[in-house]
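So you can see what is in the structure, the chains are spelled out below.
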Amino acid sequence: MRKVRDYDAELKALGDKARQLKAKRVEQLGQLVAATGADALDAETLAGVLLDAIASKDAGAKEAWRAKGAAFFQRRGRKGRGTAPIDGAEPDAQPGGDAARGSRATSD
């Protein structure tokens, strides 16, 4: 005879996992703000900059921002071998090499 599935327990476990992932993401975003020095900005300025970046339709500017961000993580990877990376990757992992996120090596 088949074992009866406890859908409520499974749903609760999935909800707990989703909360953990969201909390981890919020923590990583906070670490990113601190690592870039953006924590020196007041909250209104930082929010305005991010809102402008989201609203931007300029593909060239977005690509320049992406390249600058990739360079930031590559520098951080070389300098901070003893520190935990912001993205939660292993310290020996190649910076910016997560193919699942769509990152690609820059040869520009």
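So, how was this worked out
- Residues numbered from 1 in each chain as written.
- Predicted model: local features only at pLDDT ≥ 70, side-chain atom pairs only at ≥ 80, totals over all residues.
- Heavy atoms only, no water.
- Helix = DSSP H or I, 4+ residues; strand = E, 2+ residues; numbered from the N terminus.
- Buried < 20%, exposed > 50% of the residue type's maximum accessible area, 1.4 Å probe, protein only.
- Contact = heavy atoms within 4.5 Å.
- Areas by Shrake-Rupley, 256 points an atom, 1.4 Å probe, with all protein chains shown as cover.
- Phe/Tyr/Trp six-rings, centres within 6.5 Å; stacked < 30°, edge-to-face > 60°.
- Salt bridge = Lys/Arg side-chain N within 4 Å of Asp/Glu carboxyl O.
- pLDDT = per-residue confidence, 0-100.

Peer 1: Explanation requested: the overall build of the protein chain in the structure shown.
Peer 2: Looking only at helices and strands, one finds 3 helices and 0 strands in the protein chain. Sorting the 108 residues of the protein chain into buried and exposed places 7% on the buried side. In the protein chain, 44% of the contacts between residues at least 6 apart in sequence involve partners at least 24 apart. A total of about 9,200 Å² of accessible surface is found on the protein chain, and carbon and sulfur atoms cover 58% of it.

Peer 1: Explain the packing of aromatic side chains here, please?
Peer 2: Two descriptors summarise a pair of aromatic rings, namely the distance from one centre to the other and the angle between the planes of the rings. The tally for this structure, following the rule as stated, stands at 1 aromatic pair. Centroid distance Phe72 to Phe73: 5.3 Å. Interplanar angle 70°. Geometry classified as edge-to-face.

Peer 1: How should I be thinking about the pattern of salt bridges in this particular structure?
Peer 2: For the structure on display, the rule yields 4 salt bridges. Among the ionic pairs, Asp16 bridges to Lys12, the shortest N-O distance being 3.2 Å. Taken as a pair, Asp16 and Lys12 lie in helix H1 (residues 7-36) at a separation of 4 residues, close to a single helical turn. The exposed category is assigned to Lys12, whose relative accessible area is 53%. Note that Glu63 is salt-bridged to Arg66, the shortest N-O span being 2.9 Å. With Glu63 and Arg66 both in helix H3 (residues 59-79), this residue pair falls 3 residues apart, about one helical turn. One salt-bridge network, held together by shared partners, links Lys12, Asp16 and Arg19.

Peer 1: Looking at this structure, how should I read the confidence of the model for the protein chain?
Peer 2: In low-pLDDT regions, the fine details of the predicted coordinates are not to be read closely. Per-residue confidence for the protein chain averages 80 on the pLDDT scale, and 72% of its residues sit at or above 70. For the protein chain, per-element mean pLDDT is lowest for H3, which scores 90, and highest for H1, which scores 96. Below a pLDDT of 50 lies the segment residues 90-108, which in the model reaches 15 contacts outside its immediate sequence neighbourhood of four places, other chains included.

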